[in-house]
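# Structure assessment
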Amino acid sequence: WYVIRLRPGATRPSPLRVRETSQSGLSIVERSLFDAGFDPYVPRTRRELRHHRSKKIFVRAFPLFTGYAFVGTDDGEVDWWRLCACDGVASVLGRSGEPRPVPSSDVDTIRSAEAAMMFDYTREAHIARGQEGRTKFETATLRFPVGSSVRASQGPFAGYHGLVEDVTAR
C-alpha cells in the first residue's frame, strides 16, 4: 500500500453510471485508479446532518483523511507514471523523492475500524459503541449506572452529592 495526495475535488462522486453494484458510488479518483488496475481505498467517516429547511436527518459520508487516499497493487510492482496519470492523483507520498510503502497491517486496522463504525458520528454508531441507548431509558441507564456518584447542578438540590440506586422511566 502507498499513500497518495489527491487533487482538489478528487473525492467527488464519479459522473459515470455503472450497472454493477460493486462499482457504484465510487469517487472520481477511485474510479480512475480502479480502471488503471490499482486497488484504491479512501477511508470514510459518516455523519448525521439536519436539513436546514425540512429539519430531516440524513447521513452523509466524508473522507476521513481529507486530500489523501491509499492505493495498493496485486503484484507488488507499481507503474508510477500510470499511477500519477490517474484523474485526481497529485503525487505519491514518500521521502527523498522515493515513495514509501505503508504496512498492510496499518491499512487493515483502518479498514476494520471503519467497518466497526469507529469513525462515524451517527446515532447507529453511538448505539453500537455503547455511548447511547435505543430509548431514553437505555441512555439514562448508560449515563447513570447503579452505584455511581452524581452531583446536582441545578434546582433546589444544586451542589449536593448523591448515589444512584435505581433508574426509573423518567
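Each remark here, short or long, concerns the structure printed above.
Source: prediction; values computed, not measured.

## Some thoughts on the environment of threonine 66
- You can see threonine 66 is positioned in the loop between strand 4 (57-63) and strand 5 (68-72).
- Threonine 66 sits 24 residues away from valine 42 along the chain, and the two C-alpha atoms are 9.4 Å apart.

## Quick notes on the nonpolar core
- Within the largest apolar cluster, 16 residues are counted, with the highest numbers of intra-cluster contacts made by Ile4, Leu33, Phe38, Val71 and Leu83.
- Elements with a minimum of two residues in this core: strand 1 (2-6), helix 1 (28-35), strand 5 and strand 6 (89-92).
- With 3 residues, the top contributor of residues to this core is strand 1.
- Beyond its immediate sequence surroundings of up to four residues, valine 71 is in contact with Trp1, Tyr2, Ile4, Leu33, Phe38, Asp39 and Leu83.
- Within the second largest apolar cluster, 7 residues are counted, among which are Val3, Phe70, Val107 and Ile110.

Quick notes on the rules
Residues numbered from 1 in each chain as written. Predicted model: local features only at pLDDT ≥ 70, side-chain atom pairs only at ≥ 80, totals over all residues. Heavy atoms only, no water. Helix = DSSP H or I, 4+ residues; strand = E, 2+ residues; numbered from the N terminus. Core = buried A, V, L, I, M, F, W, Y, C linked by side-chain atoms within 4.5 Å. Buried < 20%, exposed > 50% of the residue type's maximum accessible area, 1.4 Å probe, protein only. Contact = heavy atoms within 4.5 Å.

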